[in-house]
Every structure is written in C-alpha cells, then in structure tokens.
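Overview (structure and organization)
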Amino acid sequence: MSGHVHCAIEDATATVVLDNPGRRNAVSFVVLEELRAVITTLSRSPDVRVVILSGQGSDFSVGADLAAPAESRTLRRDSVVADTARLRHVSTTLLAFHQIPQVTIAAIDGACAGAGLSLAAAADFRIASDRAVFNTAFISAGLSGDLGGVWLINKMLGGAHARELFLTPGKLTAERAHQLGLVNSVTSAQSLHGTARELAHRLATSAPLALRAMKRNLLHSSTAPLGDYLLAEVDRMVQCFHSDDAREAAEAFLHKREAAFTGH
C-alpha cells in the first residue's frame with residue numbers, strides 16, 4: 001500500500017485502487033509514480049494471475065490532477081525540457097500496465113476521462129457501471145492527449161470512432177461506450193466489483209502459463225508483422241504444450257473433471 005495507490009491480493013487476483021481523496025482519483029505525477037511501483041512489483045509475482053484496476057469511491061479517475069500543487073503535477077510549465085522529461089517518464093507507467101504479464105481488468109465507476117480513460121484503455125477488459133461516464137476531454141482543455149489513449153483507442157475502435165471521440169469530445173454514457181466496443185460489459189454500480197471479481201476468478205483458474213502466453217500473443221499481434229509474430233507464436237505454443245498444465249488439461253478433459261493447474 002502507498003499513499004494514493006492501494007493493492008490487495010486474494011486468490012491469485014490483485015486489486016489495485018487509485019485513491020486521490022477529494023480529487024475524484026485524478027492522476028498526478030505522484031499518483032502515477034506510485035502506480036508504476038505497484039505494477040512493477042506485481043509483474044514479478046508468479047502467484048498473481050489477474051490484476052483489477054479501479055478507483056476509490058464513486059469515480060474511476062477524472063484524468064490529470066490540474067489542481068494539484070505544482071511540485072506534484074507532471075506538466076508544470078517550469079520548462080519545456082522538464083515537462084517533456086516528466087511526461088515521458090510517467091508514460092512508462094501506462095506502458096508497464098498495458099504490458100504487465102497478468103491479465104488486467106478495469107472496473108469503471110463514475111467519471112473516466114482524459115488520462116484516466118487512457119489507463120482504462122490499457123487494460124485487457126473494461127467493465128463499467130451503468131452510471132459510468134467517459135470523456136476523452138483533451139481537446140476541451142486545449143491539449144492533444146497523453147498516456148497513449150489515442151493509440152490504444154484507435155487500435156481498439158478503429159480510426160473513425162477514435163476521431164469522433166478525440167476530435168469532438170463530450171460525455172459518453174456507459175451504454176454508448178458498450179455499443180462502440182469501448183467497454184466489454186455494463187452492470188449496476190452495486191454489482192460492478194462483484195462482476196469484476198467473477199471475471200477475475202474465471203481467468204485466474206485458467207492454466208497460468210497459457211494465460212500469460214496468450215496475452216503475449218495478443219500484445220505482439222498488434223505490433224509485429226505476421227511473419228515475425230508466427231515465429232514467436234510457435235515458441236510460446238510449444239512451451240505451453242510441453243508444460244504439466246497442458247498434460248493436466250488433457251487428462252481432465254478425458255476424465256470429465258475440472259483441471260487443477262499448477263503453473264508448471
């Protein structure tokens with residue numbers, strides 16, 4: 001646990017909570033630094049198979065904390081060089097979350113805007129409450145966007161929808177976000193965290209090696225030419241095939257029982 005980012009681990013699932021009291025979980029330089037430290041620790045844990053990211057209270061995150069003290073903001077107008085260095089540094093938090101070996105779920109309640117939306121877009125799954133509201137927000141603030149939101153949503157939704165969301169920002173309901181494919185499902189605010197945990201349990205009980213290898217396939221497929229991807233895909237497939245878990249899956253199928261995976 002750190003000042004603005006809390007983490008609890010239970011049943012192979014880590015729940016990471018953004019907590020910026022009174023600021024609707026806005027992300028400052030300090031918050032992003034703390035989040036990166038938590039992500040780095042989790043990425044090294046073989047016992048954690050799923051990571052849920054959410055916000056404390058009734059909001060996910062409204063984006064950058066523009067009202068934070070200057071010394072805790074990322075962009076401070078002290079100099080172009082310093083602002084560039086800090087923003088590039090915190091961008092590695094987004095990259096670390098997107099590329100973490102575990103499968104990730106963003107559980108989104110209330111406001112999810114700007115850099116907060118970028119963090120949600122970096123997850124593998126997004127579950128929203130029916131009161132969630134999305135907004136890219138950058139153009140409205142006279143800004144061009146950060147933390148990879150444009151790249152992620154362009155990949156996710158395609159150029160036409162990404163242009164609509166980023167060039168003409170406005171409030172997007174959870175239902176509309178679901179229609180666009182920005183979120184995977186919508187549930188009540190009361191059921192949000194339970195629904196996220198149910199999905200986490202389903203994922204966490206899958207074969208761990210295969211789960212991580214499949215995530216690597218999905219990440220790699222978005223950036224690599226097919227020829228390069230196929231070479232790496234074969235390596236991952238063969239490694240999984242030779243695992244104890246693959247043998248266990250075959251035995252469980254043949255004997256019509258639940259598989260007991262060990263991650264070996």
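Computed from a predicted structure; not experimentally measured.

Ordered in space as β1-β2-β3-β4-β6-β9, the 6 strands form an open sheet in which the pairing is mixed. What marks the edges here is a single partner per strand, and that holds for β1 (5-10) and β9 (185-187). On average, each strand axis in the sheet is tilted by 20 degrees relative to the strand beside it, whichever way the strands run. Here β1 pairs with strand β2 (residues 13-18) via 6 bridges, running antiparallel. Looking across to β2, one finds that Ala-8 is bridged to Thr-15. Sheet strands in contact with helix α7 (residues 192-204) are β2, β3 (50-55), β4 (103-108), β6 (125-129) and β9, and its direction is about 170 degrees off that of β4.

Take the side chain of Asn-135 next. Note on placement: Asn-135 falls in strand β7 (residues 133-135). A relative accessible area of 18% means that Asn-135 is categorised as buried. Among the polar contacts listed, one links the side chain of Asn-135 to the backbone nitrogen of Ala-137, at a separation of 3.0 Å. A polar side-chain atom of Asn-135 sits 3.4 Å from the main-chain amide nitrogen of Gly-170.

For any pair of aromatic rings, the description consists of the separation of the ring centres together with the inter-plane angle of the planes. Following the criterion strictly, the structure yields 0 aromatic pairs and no others. Taking the ring centre of Phe-29 as reference, the NZ or CZ of Arg-76 above it sits at 5.6 Å.

Moving on, we come to unusual backbone geometry. Look at Ala-137: it is not a glycine, yet its phi comes out positive at around 70 degrees. Topologically, Ala-137 is positioned in the loop between β7 and α4 (149-157). According to the relative accessible area criterion, Ala-137 is partly exposed, its value standing at 25%. Of note in the backbone geometry, Lys-256 takes a positive phi value of approximately 55 degrees without being a glycine. Within the secondary structure, Lys-256 sits in the segment after α10 (244-254). On the basis of relative accessibility, which here comes to 78%, the residue Lys-256 falls in the exposed class.

What follows covers the environment of Ala-64. With respect to the secondary-structure elements, Ala-64 resides in the loop between β3 and α2 (80-99). Its relative accessible area of 41% is what places Ala-64 among the partly exposed residues. Separated by 55 residues in sequence, Ala-64 and Leu-119 place their C-alpha atoms 11 Å apart. With residues near it in sequence (within four places) discarded, Ala-64 still touches Ala-26, Val-27 and Ala-115.

Cut-offs used in this document
- Residues numbered from 1 in each chain as written.
- Predicted model: local features only at pLDDT ≥ 70, side-chain atom pairs only at ≥ 80, totals over all residues.
- Heavy atoms only, no water.
- Pairing = 2+ DSSP bridges.
- Helix = DSSP H or I, 4+ residues; strand = E, 2+ residues; numbered from the N terminus.
- Axes fitted to C-alpha atoms, helices over the stretch in contact; angles between N-to-C directions.
- Contact = heavy atoms within 4.5 Å.
- Buried < 20%, exposed > 50% of the residue type's maximum accessible area, 1.4 Å probe, protein only.
- Polar contact = N/O pair within 3.5 Å; in protein donor to acceptor, adjacent residues only side chain to side chain.
- Phe/Tyr/Trp six-rings, centres within 6.5 Å; stacked < 30°, edge-to-face > 60°.
- Lys NZ or Arg CZ within 6 Å of the ring centre and 35° of its normal.

What is shown is where atoms sit, not what they do.
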